[in-house]
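Geometric and topological summary
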Amino acid sequence: MMPANMAAPRRRALVFFRDDSSLHVARLLADDLATCGWDTDFAWVDYAEQGRPLLSARQLEVGLRGAKVTYGFTPYDDFRSDLLKRYDAVFSAKFSAHFRRRVERRQWRFLRKRPCFVALSPGLEFTPESGLVARSVFDVVCTDTEANAAYLRGREKPGGEGRGPAVVRYNPLFVRRRGTGASGAIRKIVFFTQSASPCALESRRSVARLLRDVASAHPDKELVIKLRHLSTENRNHTHVEAWGYQDLLAAEGPLPKNMCFEHGSMESILDSADLAVTCTSTAGVEALAKGVRTVFFLSFDRSETDPLVDKMRVFLEGSGSIVDCDQIVALDLPTLTDDWLNATLLGGDAVRDMIAAIDAVDVESGIGPANWLRGAAADLMELARSVWRSLRRP
């Protein structure tokens with residue numbers, strides 16, 4: 001029995017990331033875990049060896065916010081039983097295909113216990129039939145909305161065979177950090193860009209014109225365009241931005257004096273924002289969770305061609321947060337619906353619910369001589385492939 005004056009040992013988490021979005025989720029997760037007595041190490045899966053680096057040095061520095069990368073891996077060698085066994089839980093919003101296969105096949109070398117494997121939600125889940133199901137091989141699956149949680153729980157025992165993952169509603173982007181929807185004076189407006197949406201050039205041009213109109217109509221207010229990345233970054237990302245707002249606005253002439261671009265951290269930009277505007281970005285939900293008044297603009301030119309618009313309308317139904325062009329220019333903003341906010345955003349107990357699900361996992365399952373031998377064979381194969389790749393490099 002532990003002496004009464006002895007503090008319980010802090011638990012350890014290892015969080016994998018590979019791009020800007022999974023890094024952002026990883027850093028917010030570490031903040032939440034720290035409030036529950038956990039220490040977090042960060043593991044970067046770097047795709048540079050494949051000729052497609054996903055993060056720049058600047059993005060790493062901004063995203064980590066003073067933390068350090070503890071381990072660096074390639075997408076071929078990120079499953080290390082000897083390292084993973086040091087942790088109580090291993091997290092990622094985007095595990096590599098290699099890591100997922102090793103977990104699914106139980107190809108590991110754990111002798112007494114293993115870590116709990118937790119798949120985080122990378123953002124808004126518009127395609128639960130693919131993204132959520134792909135993560136169902138892990139012990140705990142975190143998702144954003146109750147509808148998506150119910151969808152995955154309904155698949156916990158496909159065909160009546162086996163036990164599915166524990167499903168919990170937790171996404172650090174959705175956790176309330178302050179009171180929501182402040183209604184004070186608007187001095188600083190922030191527009192959050194995204195790479196995949198709007199997806200048409202005409203659509204982006206119409207959004208750029210709208211932003212210029214807002215800045216011109218309100219010279220006493222600062223309008224900041226928050227860039228997801230610089231023009232030299234994210235060229236190998238899943239979603240590549242074809243037409244950046246810097247170029248689109250420059251083509252229309254000099255910027256209004258009260259308009260500028262920002263590429264710092266989400267935390268710093270949200271701390272000073274009075275109004276957040278976006279189209280279909282998860283950043284809008286994060287802004288709401290940080291207590292920033294937020295609206296969504298979905299009626300840009302050719303919006304009917306954008307595959308995310310209808311999904312966003314469904315997600316925002318009943319929120320009171322969708323505005324049209326005239327409302328934004330006039331800053332005639334609706335009042336958000338408390339019922340929708342309370343149903344969508346998460347409280348501080350969400351991370352404790354996730355930890356409770358982690359504690360309920362049997363970390364002695366899937367351990368035995370057969371698993372150890374499969375893991376050892378997989379490690380040897382990966383070592384052979386690594387040697388082969390190194391020999392083929394020029």
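Residues numbered from 1 in each chain as written. Predicted model: local features only at pLDDT ≥ 70, side-chain atom pairs only at ≥ 80, totals over all residues. Heavy atoms only, no water.

If you walk across this open sheet you meet the seven strands as E3-E2-E1-E4-E5-E6-E7, and the pairing is parallel. Looking at the sheet topology across the chains shown, the edges are occupied by strand E3 (69-73) and strand E7 (166-169). Taken over all neighbouring pairs, the strand axes of this sheet differ in orientation by 25° on average, direction set aside. With four bridges connecting them, strand E2 (residues 38-45) and E3 associate as parallel partners. Considered in E3, the bridge of Phe42 is made with Val69. Seen against the sheet, helix H6 (residues 146-153) touches strand E6 (140-143) and E7 and runs at an angle of roughly 175° to E7. (Pairing = 2+ DSSP bridges. Helix = DSSP H or I, 4+ residues; strand = E, 2+ residues; numbered from the N terminus. Axes fitted to C-alpha atoms, helices over the stretch in contact; angles between N-to-C directions. Contact = heavy atoms within 4.5 Å.)

Given two aromatic rings, one states the distance between the centres and the angle between the planes to describe the pair. Scanning all chains against the criterion turns up 16 aromatic pairs. Ring centres 5.9 Å apart and planes at 75° place the aromatic pair Phe99 and Phe117 in the edge-to-face group. Of the two residues, Phe99 sits in helix H4 (residues 97-104) while Phe117 sits in strand E5 (residues 116-119), which places them 18 residues apart along the sequence. With respect to burial, Phe99 and Phe117 carry one shared label: buried. Ring centres of Phe191 and Tyr245 lie 5.6 Å apart, and the angle between their planes is 75°; this geometry places the pair in the edge-to-face category. Note that Phe191 is positioned in strand E8 (residues 188-192) and Tyr245 in helix H8 (residues 245-250), a separation of 54 residues in sequence. The buried category is assigned to Tyr245, whose relative accessible area is 1%. Each member of the aromatic cluster is reached from another via a ring pair, and the members are Phe16, Tyr71, Phe73, Phe79, Phe95, Phe99, Trp108, Phe110, Phe117 and Phe138. (Phe/Tyr/Trp six-rings, centres within 6.5 Å; stacked < 30°, edge-to-face > 60°. Buried < 20%, exposed > 50% of the residue type's maximum accessible area, 1.4 Å probe, protein only.)

Take the nonpolar core next. Membership of the largest hydrophobic core comes to 79 residues, with the highest contact counts inside it found for Phe91, Leu120, Val140 and Met354. Of the residues forming this core, the biggest block, seven residues, is contributed by helix H1 (residues 20-34). Beyond its immediate chain neighbours, meaning those up to four positions away, Phe91 contacts Ala13, Leu14, Val15, Phe16, Leu29, Leu33, Trp38, Val118, Leu120, Met354 and Ile358. The next biggest cluster of nonpolar side chains, apart from the first, holds 23 residues, and it includes Leu83, Val90, Phe110 and Val137. (Core = buried A, V, L, I, M, F, W, Y, C linked by side-chain atoms within 4.5 Å.)

Quick look at a nonpolar patch on the surface now. On the surface, a nonpolar cluster with roughly 580 Å² of combined accessible area is contributed by Leu380, Leu383, Val387, Trp388 and Leu391. Of note, Leu383 is situated in helix H15 (residues 369-392). (Patch = residues over 30% accessible without salt bridge, like charges linked within 9 Å, V, L, I, M, F, W, Y side chains within 5 Å. Areas by Shrake-Rupley, 256 points an atom, 1.4 Å probe, with all protein chains shown as cover. Salt bridge = Lys/Arg side-chain N within 4 Å of Asp/Glu carboxyl O.)

Let us now look at unusual backbone geometry. A cis geometry characterises the amide bond from Ser197 onward to Pro198, with omega recorded as -5°. Mapping Pro198 onto the fold places it in the loop between E8 and helix H7 (201-217). Positive phi values are uncommon outside glycine, yet Arg106 reaches one of about 55°. Its place among the elements puts Arg106 in the loop between H4 and E5. Positive phi, normally seen in glycine, also occurs at Leu331, with a value near 55°. In this fold, Leu331 is placed in the loop between helix H12 (325-330) and helix H13 (338-344).

Residues at a pLDDT of 70 or more form 91% of the protein chain, whose mean pLDDT is 88. Confidence, read as mean pLDDT per element, is least for helix H5 (residues 131-134) in the protein chain (75) and greatest for strand E4 (residues 89-92) (98). (pLDDT = per-residue confidence, 0-100.)

Here H1 crosses helix H14 (residues 349-359) at 85°, and the two axes come no closer than 10 Å. Taken as axis vectors, H1 and H14 run roughly perpendicular relative to one another. On the side of H1, the interface is formed by Leu29, Asp32 and Leu33, while H14 contributes Val351, Met354 and Ile355. Residue composition of the contact of H1 with H14, by class: five nonpolar, no polar and one charged. (Parallel < 35°, antiparallel > 145°, perpendicular 65-115°, else oblique. Nonpolar A, V, L, I, M, F, W, Y, C, P; charged D, E, K, R; others polar.)

What follows concerns H4. Given 3.6 residues per helical turn, the α-helix brings residues three or four places apart onto the same face. His98, Phe99, Arg102 and Val103 are the residues of H4 that are buried. Looking straight down H4, one finds its buried side chains confined to an arc of 135°; they lie on one side. Where H4 is buried, its residues meet strand E1 (11-17), helix H3 (81-84), E4, E5 and H15. Immediately downstream of H4, the backbone of Arg106 shows phi near 55°, a positive value. (Arc of directions from axis to C-beta.)

What follows concerns the environment of Ser22. In this structure, Ser22 sits in helix H1. Its relative accessible area of 1% is what places Ser22 among the buried residues. Along the primary structure Ser22 and Gln327 are separated by 305 residues, whereas in three dimensions their C-alpha atoms are 34 Å apart. Here Arg18 takes part through its backbone nitrogen, which lies 3.0 Å from a polar atom of the side chain of Ser22. Polar side-chain contacts of Ser22 include one of 2.7 Å to the side chain of Asp19. (Polar contact = N/O pair within 3.5 Å; in protein donor to acceptor, adjacent residues only side chain to side chain.)

This brings us to the pairing of E1. For E1, the buried fraction is high: five of the seven residues fall into the buried class. The β-α-β motif built from E1, the intervening H1 and the parallel element E2 has right-handed crossover chirality. One ladder, built from four bridges, connects E1 with E4; its direction is parallel. By the bridge assignment, Phe16 is partnered in E4 with Ser92. (Right-handed = clockwise from strand over helix to strand, strands pointing away.)

Turning next to the sheet that holds strand E12 (residues 293-297). Ordered by their spatial adjacency, six strands build an open sheet running E10-E9-E8-E11-E12-E13, and the pairing between neighbours is parallel. Looking at the sheet topology across the chains shown, the edges are occupied by strand E10 (259-262) and strand E13 (322-323). Taken together, the five bridges between E8 and strand E9 (residues 222-226) define a ladder with parallel strand orientation. By the bridge assignment, Lys188 is partnered in E9 with Glu222. On top of the sheet, H7 reaches E8, E9, E10 and E12; it is set at about 155° to E9, its chief contact.

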